[in-house]
Amino acid sequence: MEFRDLKTQYKKHKDNIDAQVQEVIDCASFISGKKVTELEEKLSEYVGRKHCITCGNGTDALELALMAIGIGTGDAVFVPDFTFFASGEAVCRVGAVPIFVDIEKDSFNISAESLEKAIEYVRKCTDLRPRAVIPVDLFGRPFDYDAIKNISEKYDLFIVEDGAQGFGGKYKGKRACSLGDISATSFFPAKPLGCYGDGGAIFTDNDEWADVIRSIKVHGKGVDKYDNIRIGMNSRLDTIQAGVLLSKMTFFDEEIVRCNEVAEKYNLYIDEKYAITPSITGDYYSSWAQYTILLGNKKSRDMLINILKKEGIPSMIYYQKPMHCQKAFEGYKDVYACLDYIVAEDICNRCLSLPMSAYLSDQEIECIAIQINKTMGE
Ligand SMILES: *Cc1c(COP(=O)(O)O)cnc(C)c1O
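Residues numbered from 1 in each chain as written. Predicted model: local features only at pLDDT ≥ 70, side-chain atom pairs only at ≥ 80, totals over all residues. Heavy atoms only, no water.

Draft legend 1. Examining empty space enclosed by the protein more closely. Inspection of every chain in the model, using the stated rule, returns one cavity of 30 Å³ or more. Around the largest cavity, the lining comprises 16 residues; the ones closest to its centre are R4, L6, Q9, P192 and E255. Elements that contribute at least two residues to the lining of the largest cavity include exactly α1 (6-27) and α9 (252-269). Counting residues per element, the lining of the largest cavity draws most heavily on α9, which supplies four residues. (1 Å grid on protein atoms, 1.4 Å probe; cavity = no way out; pocket = protein on both sides within 12 Å on 5 of 7 lines; lining within 4 Å. Points joined across faces, edges and corners; volume = space filled by probe spheres on them. Helix = DSSP H or I, 4+ residues; strand = E, 2+ residues; numbered from the N terminus.)

Draft legend 2. Broad picture of the side chain of N260. By secondary structure assignment, the location of N260 is in helix α9. Residue N260 is classed as buried on the basis of its relative accessible area, which comes to 15%. The residues contacting N260, other than those within four sequence positions of it, are Y285, S286 and W288. (Buried < 20%, exposed > 50% of the residue type's maximum accessible area, 1.4 Å probe, protein only. Contact = heavy atoms within 4.5 Å.)

Draft legend 3. Looking closely at the pattern of salt bridges. Inspection of every chain in the model, using the stated rule, returns 22 salt bridges. For K149, the salt bridge identified is with E153, shortest N-O distance 3.7 Å. Separated by four residues within a single helix, K149 and E153 lie in helix α6 (residues 145-155), roughly one turn from each other. Of the residues examined, K149 reaches a relative accessible area of 23% and is grouped as partly exposed. By sharing partners, the salt bridges in this structure join R258, E261, K265 and D362 into a single network. (Salt bridge = Lys/Arg side-chain N within 4 Å of Asp/Glu carboxyl O.)

Draft legend 4. Geometry of the sheet that holds strand β4 (residues 129-133). Strand order in the open sheet made by the seven strands is β1-β9-β8-β5-β4-β2-β3, with mixed pairing throughout. Of all strands in the sheet, those bounded by a partner on one side alone are β1 (51-55) and β3 (97-101). This sheet shows a mean twist of 30 degrees between the axes of neighbouring strands, independent of strand direction. Here strand β2 (residues 75-80) runs beside β3; their pairing, made up of five bridges, is parallel. Across the sheet, the residue bridging to P80 is V101, located in β3. (Pairing = 2+ DSSP bridges. Axes fitted to C-alpha atoms, helices over the stretch in contact; angles between N-to-C directions.)

Draft legend 5. Representation of the site of the ligand in the model. Surveying the vicinity of the ligand reveals 13 residues, the closest of which are G58, T59, D162, S186 and K191. A distance of 2.6 Å is found between an oxygen atom of the ligand and a side-chain nitrogen or oxygen belonging to S186. A distance of 2.7 Å separates an oxygen atom of the ligand from a polar atom in the side chain of K191. Protein contacts shield 92% of the accessible area of the ligand, which totals 380 Å² for the unbound molecule. The site holding the ligand turns out to be the largest pocket. When contributions to the shell around the ligand are tallied by element, the ones reaching two or more residues are α3 (58-68) and α4 (86-93). Class assignment of the residues belonging to the shell around the ligand gives a composition of four nonpolar, seven polar and two charged. (Near = heavy atom within 4 Å. Polar contact = N/O pair within 3.5 Å; in protein donor to acceptor, adjacent residues only side chain to side chain. Areas by Shrake-Rupley, 256 points an atom, 1.4 Å probe, with all protein chains shown as cover. Sits in = over half its atoms within 2 Å of the grid points. Nonpolar A, V, L, I, M, F, W, Y, C, P; charged D, E, K, R; others polar.)

Here it is as structure tokens:
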């Protein structure tokens, strides 16, 4: 069994994907070009944003977004404590300080209440300027936009949405990656919309930011890449990846519908006595980057992993460690010591992500659920 079944996806859509890749090779135009522009147009229309700028990966996308809005030395940027490392790393890359914020226990997303406490702390007890918040659409479920928007308006913060896992999800009918003042996503192969290598994109309605990003991502180009008006970087989506993504866009929505069915079936089959299953209702529509359950404690979670493994069922712990405990951020530990991370610390000990993809069969879902119920019931 595959954790994220990219092999079956390829088998099913081989002709379509192969044709796109072959066209790129035939044209021998491997960087930028028509396909990248076509993809950017399709993506911005899909998300409902004026601009889409593709780049080398999701981490660069976050960094480019932060650079465009002018985040730098002396700035505090608020990041959920439970996310992939890159959400915090990008903040440090532009010279700002990541202030980690505890999460909500049901959604695993940034808690508005903890965010406000963290902002107040930074204002009163540090020399940093609160400038931006990076809410993450964790596991495919968009963050609570209305709650975060209220606080960002109150304290005059930019919202930089980390939609690396959220692409394809919705909040009140609005697509993920249209929820921030500026939003970043990743096309890493295992993400909801994945290419066959690294890739990423930034979305915004702001013309000025879009221009700056288009310059920074190609060595700070002016009129062309041999006229350099600022220090930039080299972060482009290559054309073969654009071809793969153009192909995958044609069946992406279908896949998300099936992922939602898969999640519903898991929820139905896994006995609530043994595990808390994700409930995504009301204003939210998830793209199911991960399907994550909570076990009673660390010991039973770790035992379950081993038994599933013996049965040939892969599972993963997203995430083992809260961000404020990562060694890379230990320089800020005095700040983190003044905030609390009770929920994030607890979730790290009890979470377990199960196989999830549009190509998981009903039979496989049932088999995984039965194994969980049996193991936890013993
Ligand atoms: C994957 C991921 C990223 C980084 O994307 P890459 O394309 O791997 O650089 C950033 N944030 C989150 C939440 C992610 O899951």
